[in-house]
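Chain by chain, the residues run as shown.
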Amino acid sequence: MIEQILPSRVAAAESFGDDPAAVLFPQERAAIARATESRRREFATARACARTAMTRLGLPEVPVLRGPRGAPQWPEAVTGSITHCAGYRAAAVALTRDVVSLGVDAEPNEALPDHGMLELIALDEERARLGELAAGIPGICWDRLLFSAKESVYKAWFPLARRWLGFESADIIIDPRAGTFTARLLVPGPLVGGTPLTMLNGSWLVDHGLLVTAIVVST
(Lines give C-alpha, C1' and ligand atoms only; values in the text may rest on other atoms or scores of the structure.)
Protein backbone atom coordinates (compact mmCIF):
# COMPACT_ATOMS: atom_id res chain seq x y z
CA MET A 1 0.00 0.00 0.00
CA ILE A 2 2.57 2.59 1.07
CA GLU A 3 4.61 2.12 -2.12
CA GLN A 4 1.76 3.81 -4.01
CA ILE A 5 2.85 7.19 -2.61
CA LEU A 6 6.60 6.66 -2.83
CA PRO A 7 8.90 7.06 -5.86
CA SER A 8 10.66 4.02 -7.28
CA ARG A 9 13.99 5.07 -5.79
CA VAL A 10 12.52 4.48 -2.31
CA ALA A 11 12.13 0.89 -1.10
CA ALA A 12 9.37 0.06 1.37
CA ALA A 13 7.92 -2.84 3.31
CA GLU A 14 4.79 -3.08 5.43
CA SER A 15 2.80 -5.43 7.64
CA PHE A 16 -0.85 -5.33 8.65
CA GLY A 17 -0.14 -7.19 11.86
CA ASP A 18 2.74 -8.24 14.05
CA ASP A 19 5.09 -10.86 12.66
CA PRO A 20 5.73 -13.57 15.28
CA ALA A 21 8.83 -14.62 13.35
CA ALA A 22 10.42 -11.16 13.45
CA VAL A 23 13.88 -11.35 15.03
CA LEU A 24 15.72 -8.52 16.76
CA PHE A 25 19.45 -8.01 16.96
CA PRO A 26 20.85 -8.12 20.52
CA GLN A 27 21.34 -4.34 20.57
CA GLU A 28 17.71 -3.84 19.60
CA ARG A 29 16.46 -6.26 22.24
CA ALA A 30 18.45 -4.41 24.86
CA ALA A 31 16.96 -1.08 23.76
CA ILE A 32 13.39 -2.24 24.50
CA ALA A 33 14.10 -4.67 27.32
CA ARG A 34 11.72 -2.83 29.65
CA ALA A 35 8.92 -2.40 27.12
CA THR A 36 5.62 -4.24 27.25
CA GLU A 37 5.19 -7.40 25.20
CA SER A 38 2.90 -5.65 22.73
CA ARG A 39 5.46 -2.87 22.27
CA ARG A 40 8.24 -5.42 21.69
CA ARG A 41 6.16 -7.17 19.01
CA GLU A 42 5.39 -3.86 17.35
CA PHE A 43 9.05 -2.82 17.48
CA ALA A 44 10.26 -6.16 16.10
CA THR A 45 7.79 -6.12 13.22
CA ALA A 46 8.69 -2.54 12.29
CA ARG A 47 12.39 -3.40 12.35
CA ALA A 48 11.71 -6.46 10.19
CA CYS A 49 10.00 -4.14 7.71
CA ALA A 50 13.03 -1.86 7.78
CA ARG A 51 15.40 -4.73 7.05
CA THR A 52 13.20 -6.05 4.26
CA ALA A 53 13.20 -2.60 2.69
CA MET A 54 16.99 -2.37 2.98
CA THR A 55 17.48 -5.74 1.30
CA ARG A 56 15.39 -4.44 -1.60
CA LEU A 57 18.10 -1.82 -2.05
CA GLY A 58 20.76 -4.54 -2.02
CA LEU A 59 21.85 -3.68 1.52
CA PRO A 60 22.71 -6.15 4.30
CA GLU A 61 20.45 -6.64 7.30
CA VAL A 62 21.73 -4.59 10.24
CA PRO A 63 20.37 -3.33 13.56
CA VAL A 64 18.24 -0.20 13.40
CA LEU A 65 18.63 1.48 16.77
CA ARG A 66 16.94 4.58 18.15
CA GLY A 67 18.87 7.83 18.22
CA PRO A 68 18.00 11.34 19.41
CA ARG A 69 14.25 11.80 19.94
CA GLY A 70 13.72 8.20 18.93
CA ALA A 71 14.69 8.71 15.29
CA PRO A 72 15.90 5.47 13.63
CA GLN A 73 19.64 5.28 13.10
CA TRP A 74 20.33 4.09 9.56
CA PRO A 75 23.58 2.78 8.09
CA GLU A 76 25.91 5.23 6.38
CA ALA A 77 24.60 6.48 3.03
CA VAL A 78 21.04 5.40 3.89
CA THR A 79 18.04 7.46 4.97
CA GLY A 80 14.66 6.19 6.01
CA SER A 81 11.57 6.36 8.17
CA ILE A 82 9.47 3.95 10.23
CA THR A 83 5.83 4.18 11.23
CA HIS A 84 3.40 2.08 13.21
CA CYS A 85 -0.17 2.36 14.40
CA ALA A 86 -2.91 -0.08 15.35
CA GLY A 87 -2.88 -2.84 12.75
CA TYR A 88 -0.07 -1.46 10.62
CA ARG A 89 3.75 -1.21 10.58
CA ALA A 90 5.88 0.08 7.72
CA ALA A 91 9.33 1.32 6.82
CA ALA A 92 10.75 3.17 3.83
CA VAL A 93 14.42 3.59 2.97
CA ALA A 94 16.55 5.11 0.22
CA LEU A 95 20.17 5.77 -0.61
CA THR A 96 21.31 9.29 0.23
CA ARG A 97 22.71 9.65 -3.27
CA ASP A 98 19.07 9.59 -4.41
CA VAL A 99 17.13 11.00 -1.47
CA VAL A 100 18.28 13.51 1.14
CA SER A 101 15.63 12.61 3.70
CA LEU A 102 12.17 11.10 3.94
CA GLY A 103 9.32 10.74 6.36
CA VAL A 104 6.34 8.38 6.45
CA ASP A 105 3.45 8.14 8.85
CA ALA A 106 0.29 6.04 9.22
CA GLU A 107 -2.77 6.75 11.35
CA PRO A 108 -6.22 5.20 11.68
CA ASN A 109 -8.88 6.95 9.61
CA GLU A 110 -10.53 8.21 12.78
CA ALA A 111 -11.11 11.68 14.15
CA LEU A 112 -8.58 13.10 16.57
CA PRO A 113 -9.45 12.79 20.25
CA ASP A 114 -11.83 15.58 21.20
CA HIS A 115 -9.83 17.13 24.03
CA GLY A 116 -8.10 20.06 22.41
CA MET A 117 -5.73 18.09 20.21
CA LEU A 118 -6.80 19.81 17.01
CA GLU A 119 -6.13 23.22 18.57
CA LEU A 120 -2.71 21.91 19.61
CA ILE A 121 -1.61 20.72 16.17
CA ALA A 122 -3.40 23.05 13.72
CA LEU A 123 -3.00 26.71 12.84
CA ASP A 124 -6.14 28.83 12.55
CA GLU A 125 -5.98 28.80 8.76
CA GLU A 126 -5.46 25.03 8.74
CA ARG A 127 -8.57 24.51 10.87
CA ALA A 128 -10.57 26.65 8.45
CA ARG A 129 -9.40 24.53 5.52
CA LEU A 130 -10.22 21.34 7.41
CA GLY A 131 -13.80 22.52 7.73
CA GLU A 132 -14.03 23.03 3.98
CA LEU A 133 -12.54 19.60 3.30
CA ALA A 134 -14.92 17.86 5.69
CA ALA A 135 -17.92 19.59 4.14
CA GLY A 136 -16.85 18.74 0.60
CA ILE A 137 -15.55 15.19 1.05
CA PRO A 138 -16.91 13.32 4.07
CA GLY A 139 -15.57 9.90 4.95
CA ILE A 140 -11.98 11.03 5.39
CA CYS A 141 -10.93 12.24 8.83
CA TRP A 142 -9.11 15.31 7.61
CA ASP A 143 -7.97 16.36 11.07
CA ARG A 144 -6.15 13.06 11.49
CA LEU A 145 -4.72 13.35 7.98
CA LEU A 146 -3.34 16.77 8.91
CA PHE A 147 -1.77 15.24 12.01
CA SER A 148 -0.20 12.47 9.93
CA ALA A 149 1.14 14.96 7.40
CA LYS A 150 2.77 16.97 10.19
CA GLU A 151 4.32 13.80 11.57
CA SER A 152 5.82 13.06 8.13
CA VAL A 153 7.09 16.63 7.95
CA TYR A 154 8.86 16.25 11.27
CA LYS A 155 10.36 12.88 10.34
CA ALA A 156 11.79 14.33 7.13
CA TRP A 157 12.93 17.53 8.89
CA PHE A 158 14.76 16.11 11.90
CA PRO A 159 17.60 14.21 10.15
CA LEU A 160 18.41 17.40 8.23
CA ALA A 161 17.98 20.03 10.95
CA ARG A 162 18.70 17.96 14.06
CA ARG A 163 16.31 20.11 16.05
CA TRP A 164 12.69 20.09 17.12
CA LEU A 165 9.94 21.28 14.81
CA GLY A 166 6.65 22.16 16.47
CA PHE A 167 3.21 21.57 14.99
CA GLU A 168 2.86 25.33 14.65
CA SER A 169 6.03 25.58 12.56
CA ALA A 170 4.55 24.28 9.31
CA ASP A 171 1.44 25.38 7.42
CA ILE A 172 0.01 22.44 5.48
CA ILE A 173 -2.34 22.64 2.51
CA ILE A 174 -3.97 19.35 1.51
CA ASP A 175 -5.05 18.75 -2.08
CA PRO A 176 -8.06 16.41 -1.74
CA ARG A 177 -8.16 15.43 -5.42
CA ALA A 178 -4.49 14.92 -6.25
CA GLY A 179 -3.64 13.05 -3.04
CA THR A 180 -0.84 15.49 -2.27
CA PHE A 181 -0.03 18.16 0.28
CA THR A 182 2.46 20.98 0.69
CA ALA A 183 4.07 22.09 3.93
CA ARG A 184 5.34 25.66 4.12
CA LEU A 185 7.95 25.92 6.85
CA LEU A 186 7.42 28.90 9.16
CA VAL A 187 10.89 28.69 10.71
CA PRO A 188 14.32 28.84 9.03
CA GLY A 189 15.07 25.49 7.44
CA PRO A 190 18.35 23.61 6.97
CA LEU A 191 20.35 23.89 3.78
CA VAL A 192 19.65 21.27 1.13
CA GLY A 193 21.99 21.47 -1.85
CA GLY A 194 23.12 24.88 -0.63
CA THR A 195 19.57 26.29 -0.56
CA PRO A 196 17.47 26.82 2.59
CA LEU A 197 14.59 24.36 2.84
CA THR A 198 11.33 26.33 2.87
CA MET A 199 8.76 23.90 1.45
CA LEU A 200 8.12 20.18 1.66
CA ASN A 201 5.92 18.28 -0.78
CA GLY A 202 4.10 15.14 0.25
CA SER A 203 1.59 12.52 -0.85
CA TRP A 204 -1.21 10.75 0.98
CA LEU A 205 -3.71 7.95 0.55
CA VAL A 206 -6.62 6.33 2.35
CA ASP A 207 -6.88 2.54 2.31
CA HIS A 208 -7.54 -0.38 4.67
CA GLY A 209 -9.07 2.05 7.16
CA LEU A 210 -5.75 3.89 7.37
CA LEU A 211 -4.38 7.30 6.45
CA VAL A 212 -0.82 7.16 5.14
CA THR A 213 1.41 10.15 4.35
CA ALA A 214 4.89 10.42 2.89
CA ILE A 215 7.45 13.13 2.15
CA VAL A 216 10.57 12.58 0.06
CA VAL A 217 13.26 15.27 -0.08
CA SER A 218 15.22 14.64 -3.25
CA THR A 219 18.88 15.40 -3.85
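Just above, that's the structure.
Let us look at the structure shown here. Worth saying up front: this structure is predicted, and the values here are computed from it rather than measured.

Quick word on the environment of Met 199
With respect to the helices, strands and loops of the structure, Met 199 is situated in strand β11 (residues 199–207). It is 22 Å that separates the C-alpha atoms of Met 199 and Thr 83, two residues lying 116 residues apart in sequence.

Section: unusual backbone geometry
Despite not being glycine, Arg 162 shows a phi value in the positive range, around 55°. Its place among the elements puts Arg 162 in the loop between α5 (142–161) and β7 (170–175). The phi torsion at His 208 lies on the positive side, around 55°, for a residue other than glycine. When you line up the elements, His 208 lands in the loop between β11 and β12 (210–218).

Observations concerning the packing of aromatic side chains
All told, the structure shown has five aromatic pairs when counted by the stated rule. For the ring pair Trp 142 and Trp 204, a centre distance of 5.5 Å and an interplane angle of 80° mean the geometry is edge-to-face. In this pair, Trp 142 is assigned in helix α5 and Trp 204 in strand β11, connecting sequence segments 62 residues apart. Its relative accessible area of 2% is what places Trp 142 among the buried residues. Accessibility expressed as a relative area gives 8% for Trp 204, which makes it buried. Ring centres of Tyr 154 and Trp 164 lie 5.1 Å apart, and the angle between their planes is 55°; this geometry places the pair in the tilted category. With Tyr 154 in helix α5 and Trp 164 in the loop between α5 and β7, the pair connects residues that are ten residues apart, well separated along the chain. These aromatic residues form a ring-pair network of at least three members: Tyr 154, Phe 158 and Trp 164.

Each value, and the rule that gives it
Residues numbered from 1 in each chain as written. Predicted model: local features only at pLDDT ≥ 70, side-chain atom pairs only at ≥ 80, totals over all residues. Heavy atoms only, no water. Helix = DSSP H or I, 4+ residues; strand = E, 2+ residues; numbered from the N terminus. Phe/Tyr/Trp six-rings, centres within 6.5 Å; stacked < 30°, edge-to-face > 60°. Buried < 20%, exposed > 50% of the residue type's maximum accessible area, 1.4 Å probe, protein only.

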